[in-house]
Amino acid sequence: TAPREFQELYAGKGIPFPNYYASVSALDHYTGQILDTLESQGLLENTVVMYFSDHGETFNYREFTPLKYVCHEESIRIPLIISQLGTLPAGKRVSQMVGLQDLAPTLLDMAGLALPYQMHGKSLSPLLLGEQTTWRDSFYIENEKRKIRTPQRCVRTEEAKLILSGDEQHHFYDLQLDPGEELNLFNPPSWDKHKEYGKFPDQTSRIISFAEKLIAIAEEVDDPIGVQMAERVIQQKRYLMSGT
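As a convention, each chain's residues are numbered from 1 in the sequence order in which they are written. Totals for whole chains, interfaces and linings use every residue, but because this is a predicted model, local features are given only for residues with pLDDT of at least 70 and side-chain atom pairs only at 80 or more, for both listing and counting. Side-chain numbers here rest on the full set of heavy atoms in the structure, without hydrogens or water.

Colleague: Now, about the side chain of Arg156: what can you tell me, with residues and values included?
Modeller: Along the polypeptide, Arg156 turns up in strand S4 (residues 150-156). Reaching out from Arg156, the side chain makes a polar contact with the side chain of Glu73 at a distance of 2.9 Å. Whether two residues are in contact is decided by their heavy atoms, any of which lying within 4.5 Å being enough. Those residues in contact with Arg156, other than ones at most four positions away along the chain, are Glu73, Ile76, Arg77, Met97, Asp137, Ser138, Phe139, Lys161 and Leu175. Under the scheme used here, helices are H or I runs from DSSP no shorter than 4 residues and strands are E runs no shorter than 2 residues, and both carry numbers assigned from the N terminus. What qualifies as a polar contact is a pair of N or O atoms within 3.5 Å, subject to a donor-acceptor requirement within protein and to the restriction that residues adjacent in sequence count only when both atoms come from side chains.

Spelled out as structure tokens, the structure:
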């Protein structure tokens, strides 16, 4: 709950979710106070500042999946700003796929400490400093749908995204053609009255490829649920391809 002075910026003005916006404004204000204090105490150049969120927000846009409990972009894409005055270049934008698992390795690396082998993340320092480094070409998400507590697993690349669900409500999106994730291509070509899906070719081979990628990452992070879900989808899709 934001203090009253921030609620008054939005309440009663026809703005949806006014308390949410009030909380964001309050957070911005108090973050500024923290930065001002670091600067006034002469600590800003010796402090790594990380600003991030733990999840996004769907604002109930996705049917039957309120708040954050989905693998769609509005839930998994979050803000991330990293600053260290005099050390990191200002205004640099990193295009590679990074995640919260990379934050602890980054802090340890910037502090000159070795990274424990158990960590799944990687230090962002090379990306922040513009150094050459190998990086992931896909991102893995573990989720549980709310209320019915159904596990979901997702693998995302720059081109597409596969979402597998324990209730068999799977999704496949072409992010280049459909960045808003409106058209689920898991089972096309199929008929619909708006003739939206009929123009897409069968995606079976791509789905199998993404499921195989999902298995590889799930095994790497020791997630047997992800492995089982992807193996079941591959078996189903290959069965349909065989026509038997």
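Colleague: I'd like to hear about unusual backbone geometry, residue by residue, with values.
Modeller: Phi is positive for Asn60, close to 65°, though the residue is something other than glycine. Take Asn60: it is sitting in the loop between strand S1 (49-52) and helix H3 (73-76). Using a 1.4 Å probe on the protein chains alone, a residue whose accessible area is under 20% of its type maximum counts as buried, one over 50% counts as exposed, and one in between counts as partly exposed. Look at Asn60 and you get partly exposed, because its relative accessible area is 46%. Of note, the phi angle at Glu181 is positive, near 55°, even though the residue is not glycine. Given the relative accessible area of 1%, Glu181 is considered buried.

Colleague: An account of the nonpolar core is requested, with residue identities and associated values reported.
Modeller: The definition of a nonpolar core used throughout is a set of buried Ala, Val, Leu, Ile, Met, Phe, Trp, Tyr and Cys residues joined through side-chain atoms within 4.5 Å. Formed by 25 residues in total, the largest nonpolar core has its most connected members in Leu162, Leu164, Phe172, Phe186 and Leu214. The set of elements that each furnish at least two residues to this core consists of strand S5 (160-165), helix H6 (204-220) and helix H7 (224-242). Looking at this core element by element, the count peaks at 8 residues for H6. Setting aside residues up to four positions removed in sequence, Leu162 forms contacts with Arg153, Cys154, Val155, His171, Phe172, Phe186, Ile207, Phe210 and Ala211.

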